[in-house]
Amino acid sequence: FPDNLPLAIEGRAGLHGAEAAWWIGVAYAGLGDRQKAMESWQRAAASSPRRQRAGDLARKAESYYQALALQKLGKAEEAKAIFQGLVAAGQQALAARKTASGTNPSPRTQRALAHYITGLGYLGLGNQAGATAELRQAVRTDPGMAEAGAALAAAGKRS
């Protein structure tokens, strides 16, 4: 698998490494292969995206998938701390009305991203009302943010 592509396959970490490993684990679990699912979730939990800087809100969504994997591995308290960190990071970005990112998104995209990250944190914590409100706001702010729309749909299925 080429190193320059941003996926984590067989332990190669990239921008979406934890997300890819999480979903691979979900697929294995769906096939009934618990061992391979656990191996994928271990990779997701251990994944560390390249080029992540403190305050880089655009890359914090990766932490959501790490926390989901930690839950599957029986590490609920570690996962909870990550989810709480996502809520705090999103709220801090909204309060500051700016976010740090290497790609310098527009102010509208920055606000949507902050709502999205906050919503993911709430979703992980089981706060459906908070998650739905934040994810709806993310989609209203930036209708092109497909990942927020997908998370909102997932939040609706959990209600």
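Fair warning: this is a prediction, and the values are worked out from it, not measured in the lab.

On to the pattern of salt bridges, then. In a structure, side chains of opposite charge can pair up when their charged atoms sit close to one another. Following the criterion strictly, the structure yields one salt bridge and no others. In this structure, arginine 108 engages aspartate 142 in a salt bridge whose closest nitrogen and oxygen atoms are separated by 3.9 Å. Of this pair, arginine 108 sits in helix 5 (residues 107-125) while aspartate 142 is found in the loop between helix 6 (128-141) and helix 7 (146-158), placing the two residues 34 residues apart along the sequence. Classification of arginine 108 as partly exposed rests on a relative accessible area of 40%.

When you line up the elements, phenylalanine 83 lands in helix 4 (residues 76-96). Distance from phenylalanine 83 to glutamine 66, taken between C-alpha atoms, is 9.8 Å for residues 17 residues apart in sequence.

Evaluation of the coordinates by the stated rule reveals four aromatic pairs. Judged by centre distance (5.9 Å) and plane angle (55°), the rings of tyrosine 64 and phenylalanine 83 are tilted. Taken together, the positions of tyrosine 64 in helix 3 (residues 61-72) and phenylalanine 83 in helix 4 put the pair 19 residues apart, joining distant regions of the chain. Cluster of aromatic residues (ring-pair linked, three or more members): Trp22, Trp23 and Trp41.

Reading guide: rules and limits
Residues numbered from 1 in each chain as written. Predicted model: local features only at pLDDT ≥ 70, side-chain atom pairs only at ≥ 80, totals over all residues. Heavy atoms only, no water. Salt bridge = Lys/Arg side-chain N within 4 Å of Asp/Glu carboxyl O. Helix = DSSP H or I, 4+ residues; strand = E, 2+ residues; numbered from the N terminus. Buried < 20%, exposed > 50% of the residue type's maximum accessible area, 1.4 Å probe, protein only. Phe/Tyr/Trp six-rings, centres within 6.5 Å; stacked < 30°, edge-to-face > 60°.

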